[in-house]
Amino acid sequence: RQILMTGNFDQRIGKFLGLDALTDDGEKPKRRIAQIIEIILFWTLLLVFFIFALEVLGDTTISMVLQNILTQMGMAVPKILKAFLILAGAWILALVAKYMAVKAMRRFRLGDKLEKVMDAEATEKEKADVIESAGNFVFYFIILLSLLPFLEALELNALVDPLKAMFSKVLTLL
């Protein structure tokens, strides 16, 4: 616990992800991520301790059930890591695609071309808002498309099959 608290773990992750909301105005930084990691490690170590204690006492039935739970947790960790790596990769790809789309729209002066469609008195801010909205569309579209591999990595087939059908219908319309 002390390692997580003194290491400014939350602030480093928050800065890496671009989140400045980890601290409130004038208050001490909140340690949400460190607390979550601390709780997960505490309960996992407590479960391991109970398994060892039951094995020493000779109670194999309950210890087998707890060992199965621990095994299931161990098998789920790689799936969860794979899913979050997919989501992180998609997030980075979406950020780069948004940046490139906005830059291309500004380079080709799409705001000026949209002026003909919009009011003739549209301000530069309104033109920029349209370009930013298009960039946001690209970002969220990529994030939405990344949900399929994310859910497949978690092996949530009940959610994957309807999403595949929906995406195939939408993509055929495009």
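Residues numbered from 1 in each chain as written. Predicted model: local features only at pLDDT ≥ 70, side-chain atom pairs only at ≥ 80, totals over all residues. Heavy atoms only, no water.

With that settled, consider the nonpolar core. Soluble globular proteins: nonpolar side chains tend toward being buried together. If you look at the biggest cluster of nonpolar residues, it comprises eight residues: Ala83, Leu148, Phe150, Leu151, Ala153, Val160, Leu163 and Phe167. Those elements giving two or more residues to this core turn out to be α7 (147-153) and α8 (157-173). Broken down by element, the residue count for this core peaks at four residues, all from α7. Those residues in contact with Ala83 that sit more than four places away from it in its chain are Phe150, Ala153 and Leu154. (Core = buried A, V, L, I, M, F, W, Y, C linked by side-chain atoms within 4.5 Å. Buried < 20%, exposed > 50% of the residue type's maximum accessible area, 1.4 Å probe, protein only. Helix = DSSP H or I, 4+ residues; strand = E, 2+ residues; numbered from the N terminus. Contact = heavy atoms within 4.5 Å.)

Looking now at the environment of Val48. Along the polypeptide, Val48 turns up in helix α3 (residues 32-57). The exposure class assigned to Val48 is partly exposed, which follows from its relative accessible area of 24%. Along the sequence, Val48 and Ser63 sit 15 residues apart, while their C-alpha atoms lie 9.7 Å from each other.

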